[in-house]
Amino acid sequence: SQQGEEDPQALSIQEGENATMNCSYKTSINNLQWYRQNSGRGLVHLILIRSNEREKHSGRLRVTLDTSKKSSSLLITASRAADTASYFCATELATRTYKYIFGTGTRLKVLA
Amino acid sequence: SAVISQKPSRDICQRGTSLTIQCQVDSQVTMMFWYRQQPGQSLTLIATANQGSEATYESGFVIDKFPISRPNLTFSTLTVSNLSPEDSSIYLCSALGQNEKLFFGSGTQLSVL
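The notes below deal with the structure included here. (Residues numbered from 1 in each chain as written. Chains lettered and ligands numbered in written order. Predicted model: local features only at pLDDT ≥ 70, side-chain atom pairs only at ≥ 80, totals over all residues. Heavy atoms only, no water.)

1. With respect to the state of the cysteines
All names here are of chain B.
Inference 1: The tally for this structure, following the rule as stated, stands at 2 disulfides over all chains.
Inference 2: Bridging Cys23 to Cys93, the disulfide has an S-S length of 1.8 Å. The sign of the -60° torsion about the S-S bond sets the Cys23-Cys93 disulfide as left-handed. Separated by 70 residues along the polypeptide, Cys23 in strand S3 (residues 19-25) and Cys93 in strand S9 (residues 89-96) bring together distant segments of the chain.
Inference 3: Using a relative accessible area of 0% as the deciding quantity, one classes Cys23 as buried.
Inference 4: With a relative accessible area of 0%, Cys93 lands in the buried category.
Inference 5: Cys13 forms no disulfide, and the closest cysteine sulfur to it belongs to Cys23, at a distance of 18 Å.
Inference 6: With relative accessibility at 8%, the residue Cys13 sits in the buried group. (Disulfide = S-S within 2.5 Å. Helix = DSSP H or I, 4+ residues; strand = E, 2+ residues; numbered from the N terminus. Buried < 20%, exposed > 50% of the residue type's maximum accessible area, 1.4 Å probe, protein only.)

Take a look at the structure:
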């Protein structure tokens, strides 16, 4: 079963604007990760945030985690056409199975 | 970071046949996984490939349909057996690297006629 639900399902913005994607999950987690997928092929790891962390940054990416609401957000600032991709959150359950369950994904389109 | 080579990158198969996908990691890893991504959908975990023992399958996936081998810490195969059009998907190999990050192969696009 899907652990994470992401919204919006699709997002279209102009180059230079910020893009925000949200991920909600159902059960307690050990950590949450965000991935990017171009053209339906291999996924690229973006950022990992642990359950005891609230915010992390990496370049133009900012991730927040609210464990009380079981939700996370990914913010991409100053978006570029090259950011066009699908973005997925993935959660590892708190039981430490090392298995990651992926959310439904957000398709981002950045218009030049 | 781990580099994962997955092959074939795509294949077109006839109904009733099987396809074996190979996954090679450039370093030893403890955990390897196989995912399926149906068209326009998210990733669904098929199984955890265990080195030297039977894979651990997720609900809805069985060994007879998706036999998995993992003879060592750098290599795994997934076979999709008795193919039907419903098996048309992207199949992705992944490995758990340092700091609990998942690394992925480039995927195998399977089309079943």
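2. Things to note about the nonpolar core
Inference 1: Met32(B), Trp34(B), Ile46(B), Phe66(B), Ile68(B), Leu78(B) and Tyr91(B) are the most contacted members of the largest nonpolar core, which totals 27 residues.
Inference 2: Going through the elements one at a time, S3, strand S4 (32-37), strand S5 (43-49), strand S8 (75-80), S9 and strand S11 (108-112) of chain B are the ones with two or more residues in this core.
Inference 3: Counting residues per element, this core draws most heavily on S3(B), which supplies 4 residues.
Inference 4: Sequence-distant contacts of Tyr91(B), defined by excluding residues within four places in its chain, comprise Gln6(B), Ile21(B), Tyr35(B), Arg36(B), Ile46(B), Phe66(B), Leu78(B), Val80(B), Gly107(B), Thr108(B) and Leu110(B).
Inference 5: One finds Ala19(A), Ile47(A), Leu74(A) and Leu108(A) within the second-largest nonpolar core, a separate group that totals 21 residues. (Core = buried A, V, L, I, M, F, W, Y, C linked by side-chain atoms within 4.5 Å. Contact = heavy atoms within 4.5 Å.)

3. Looking at the interface of chain A and chain B
Think of interface size as the accessible area that goes away when the parts come together; that is how it is often given.
Inference 1: The partner chain B presents 25 residues to the 23 residues of chain A that form the contact.
Inference 2: Along the contact surface separating chain A from chain B lie 2 salt bridges.
Inference 3: Of all the secondary-structure elements, those providing two or more residues to the side of chain A that touches chain B are strand S4 (29-37), strand S5 (43-50), strand S9 (85-93) and strand S10 (100-102) of chain A.
Inference 4: The biggest single contributor to the side of chain A that touches chain B is S4(A), with 5 residues. (Salt bridge = Lys/Arg side-chain N within 4 Å of Asp/Glu carboxyl O.)

4. What to know about the side chain of His45(A)
Inference 1: Tracing the sequence through the fold places His45(A) in strand S5.
Inference 2: Among residues more than four places away in sequence, those in contact with His45(A) are Gln33(A), Trp34(A), Tyr35(A), Lys101(B) and Leu102(B).

5. Quick notes on the sheet that holds strand S3 (residues 19-25) of chain A
Residues and elements named next belong to chain A.
Inference 1: Read from one edge of the open sheet, 5 strands run S1-S3-S8-S7-S6, paired in antiparallel fashion. With one partner strand each, in any of the chains shown, strand S1 (4-7) and strand S6 (55-58) form the two edges of the open sheet. Averaged over all pairs of adjacent strands, the angle between strand axes in this sheet comes to 15°, irrespective of strand direction.
Inference 2: By the bridge criterion, 6 bridges tie S3 to strand S8 (residues 71-76) in an arrangement that is antiparallel. (Pairing = 2+ DSSP bridges. Axes fitted to C-alpha atoms, helices over the stretch in contact; angles between N-to-C directions.)

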